[in-house]
Amino acid sequence: MDTKFLKIMSRNIGQKMTRAMEEIYDLAGGVFNINSPKQLGLILFEKLGLPPVKKTKTGYSTDVTVLEKLKNQHPLPEKILEFRMLTKLRSTYVDAMPALINPKTLRVHGSFNQTVAATGRLSSSNPNFQNIPIRTEMGREIRKAFCAQEKDHFILAADYSQVELRIMAHLSEDPNLVAAFKQDADIHTHTAAMVFNLKQEDITSDMRRTAKVINFGIMYGAGAHRISQELNISHGDAGAIIKAYFERYTGVKDYIEKTITECKELGYASTLYGRKRPIQDINSENRNLQEAAKRAAINMPVQGTAADIIKIAMIRMHDWMKKENLKSKMILQVHDELVFEVHPDELELLKKQVPAIMELAGKLIVPLKVDVGVGKDWYEAH
DNA sequence: TATGTCACG
DNA sequence: ACGTACGTGACATAT
Ligand SMILES: [Mg+2]
């Protein structure tokens, strides 16, 4: 870990927090605990009279979807979101990691749990290395602190490209989805072309974004409601897009129905390699429970098969590294990604072999693809 | 310990 | 009328 870097980052975030806090108290007309959803709810929805968007068990919801909707009515919600981002990054990552460094090894040693996630995924704890920020630039900067211990050594990150959609192609044998991956097409652009009935070259970035939400949404069993919220479009339009998707990818539709039927009969859903997840609620009288169980059943074969494949890759990787007496180390797994600390003498070898081992770990009717990045830290390796 | 929130794939 | 996309873990607050 680059603790010097984290120390500076903590100070910088702290300054931004102070500024945001002052503006928040100003806009709210008084001091309160911004981290208390209860106090914040009173300020937003009673003192300022903004319209409540949704409720929680205990009161007003103030989560990011709510504050996004209130942004155009008052300047406070946006400042709250900024403050929340800053506090999350500082308390969960920037200030937490240095405190966890083992004085003997000068490293942070977490756990990868093999018997927690119901789908067969690993989970990571103390600390969780599988949710290190990447989606915002400020968060992403934190990855600069994850560096090789020795100067001149490297971090190598290798991640599967669209592994879950490739698995869906394999399981469903849908001709359109299979063809897309055999051509190594940009899958979201491909789906956009299918759904909007256009050529791939005529797809706009907005249409691609829509298709991306659909591609992921389908694998989780999303309905028109969720898709409409996600894309900020009408319920009717969202329904029409989902309908168009299933008309073009009929194999996916059939596969999803088959998975649910089979789960109802057997009481479990399974992966390509035979891992089973019991899903008893699939036969529940309670409609909400049954619908949630259907979505879990749809997702299990996809998420679970991806977990099986990367586990196979990790075992083969370990065997290979041991046999070759390598000095480099496999240090992290993030569901579709493996991270290595690499000795400079072994860099070229790993750049070649790591993706090869990962790509061959799963035998699917479409190819698996792995992207590799190298740098002095995890930020550069991506 | 429960709850709400938010970080990731 | 209600709820509404899967799988996780950590933090702060409130009780
Ligand atoms: Mg990936």
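Residues numbered from 1 in each chain as written. Chains lettered and ligands numbered in written order. Predicted model: local features only at pLDDT ≥ 70, side-chain atom pairs only at ≥ 80, totals over all residues. Heavy atoms only, no water.

Novice: So what's going on with the overall build of chain A? Which residues, and what values?
Specialist: The secondary structure content of chain A amounts to 15 helices and eight strands. Its C-alpha atoms give chain A a radius of gyration of 23 Å, within 12% of the compact-globule value 21 Å for 382 residues. With the C-alpha coordinates aligned to their principal axes, the bounding extent of chain A is approximately 60 × 55 × 45 Å. Here chain A holds 382 residues, and 45% of them are scored as buried. Excluding contacts between residues fewer than 6 apart, the proportion of contacts in chain A whose partners are at least 24 apart in sequence is 58%. (Helix = DSSP H or I, 4+ residues; strand = E, 2+ residues; numbered from the N terminus. Rg over C-alpha atoms; globule rule 2.2 N^0.38 Å. Buried < 20%, exposed > 50% of the residue type's maximum accessible area, 1.4 Å probe, protein only. Contact = heavy atoms within 4.5 Å.)

Novice: Just give me the short version of the protein's contact with DNA strand B, but keep the residues and values in it.
Specialist: Residues in close proximity to DNA strand B total 22 residues, the closest being Thr62, Val64, Arg84, Ile134 and Arg135. Of what DNA strand B places within 4 Å of the protein, 79% of the atoms are sugar or phosphate. Within the contact set of DNA strand B, a phosphate oxygen lies 2.8 Å away from a backbone nitrogen or oxygen of Val64. Classifying every residue of the surface near DNA strand B by side-chain character gives seven nonpolar, eight polar and seven charged. (Near = heavy atom within 4 Å. Polar contact = N/O pair within 3.5 Å; in protein donor to acceptor, adjacent residues only side chain to side chain. Nonpolar A, V, L, I, M, F, W, Y, C, P; charged D, E, K, R; others polar.)

Novice: Can you tell me about the domain arrangement of chain A, naming the residues and giving the values?
Specialist: Split by domain assignment, chain A resolves into domain 1 (3-105) and domain 2 (165-303). Measuring from the centre of the C-alpha atoms in domain 1 to the corresponding centre in domain 2 gives 34 Å. (Domains from an automatic or database assignment.)

Novice: Any details on the side chain of His343? Residues and values, ideally.
Specialist: Inspection of the secondary structure assignment puts His343 in the loop between strand 7 (337-342) and helix 15 (347-360). Not counting chain neighbours up to four residues away, the residues in contact with His343 comprise His153, Lys327 and Ser328.

Novice: Residues and numbers for the protein's contact with DNA strand C, please.
Specialist: In the vicinity of DNA strand C lie 33 residues, with Ser36, Ser123, Tyr220, Arg226 and Arg277 positioned nearest. The contact atoms of DNA strand C, taken as those within 4 Å of the protein, divide so that sugar and phosphate hold 67%. Between DNA strand C and Lys38 there is a distance of 3.1 Å, counted from a phosphate oxygen to a side-chain nitrogen or oxygen. Contacts to DNA strand C include Arg287, whose side-chain N or O atom sits 3.3 Å from a base nitrogen. Of all the elements in the fold, those that place two or more residues in the surface near DNA strand C are helix 2 (37-47), helix 4 (76-94), strand 2 (123-125), helix 10 (205-219), helix 11 (224-231) and helix 14 (287-323). By residue number, the principal contributor to the surface near DNA strand C is helix 14, which donates six residues. Of the residues that constitute the surface near DNA strand C, the class distribution is eight nonpolar, 17 polar and eight charged.

Novice: Could you give an account of the coordination of the magnesium ion, naming the residues involved and the relevant values?
Specialist: Taken together, Asp159 (OD), Tyr160 (O) and Asp336 (OD) make up the protein donors of the magnesium ion, found 2.3 to 2.5 Å from the metal. Using a relative accessible area of 22% as the deciding quantity, one classes Asp159 as partly exposed. (Donors = N, O, S within 2.8 Å, 3.2 Å for Na, K, Ca; no water.)

Novice: Before we move on, can you summarise the packing of helix 9 (residues 187-196) against helix 12 (residues 235-248) with the specific residues and values?
Specialist: To describe two helices that pack against each other, one gives the angle between their axes and the distance between the axes. The N-to-C vectors of helix 9 and helix 12 enclose an angle of 100 degrees; their axes lie 8 Å apart at closest approach. Taken together, the axes of helix 9 and helix 12 lie roughly perpendicular to each other. Contacts from Thr191, Met194 and Val195 in helix 9 reach Ile241, Ala244, Tyr245 and Arg248 in helix 12. Here the residues of the contact of helix 9 with helix 12 sort into five nonpolar, one polar and one charged. (Axes fitted to C-alpha atoms, helices over the stretch in contact; angles between N-to-C directions. Parallel < 35°, antiparallel > 145°, perpendicular 65-115°, else oblique.)

Novice: Any chance you could break down the pairing of strand 7 for me, citing the residues and the numbers?
Specialist: Looking along a regular strand, one sees the side chains alternate between the two faces of the sheet. Most of strand 7 is tucked away: six of the six residues are buried. The alternating pattern of strand 7 places Glu337, Val339 and Glu341 on one face and Leu338, Phe340 and Val342 on the opposite face, and all of these are buried. For strand 3 (residues 154-160) and strand 7, the ladder comprises six bridges, and the chain directions are antiparallel. Bridge assignment links Phe154 to a residue of strand 7, and that residue is Val342. Bridge analysis of strand 6 (residues 329-333) against strand 7 gives four bridges, and the strand direction is antiparallel. Paired with Gln333 across the two strands is Leu338, which belongs to strand 7. (Pairing = 2+ DSSP bridges.)

Novice: Give a description of the sheet that holds strand 7 that names residues and reports values.
Specialist: Taken in spatial order, the four strands line up as 6-7-3-8 in an open sheet, and their pairing is antiparallel. Strand pairing shows two members of the sheet lacking a second neighbour, strand 6 and strand 8 (370-375), which therefore form its edges. The mean angle between the axes of side-by-side strands here comes to 20 degrees, regardless of whether they run parallel or antiparallel. Its contacts with the sheet place helix 14 against strand 3, strand 6 and strand 7, and it is angled at close to 165 degrees to strand 6.

Novice: Help me get a handle on the pattern of salt bridges, residues and values and all.
Specialist: Tallying each qualifying case throughout the model produces 21 salt bridges. Residues Arg275 and Asp308 are paired through a salt bridge, measuring 2.8 Å at the closest nitrogen-oxygen approach. Of this pair, Arg275 sits in the loop between strand 4 (268-270) and strand 5 (276-278) while Asp308 sits in helix 14; the two residues are 33 residues apart in sequence, bridging distant segments of the chain. Looking at Arg275, the relative accessible area reads 30%, which means it is partly exposed. (Salt bridge = Lys/Arg side-chain N within 4 Å of Asp/Glu carboxyl O.)

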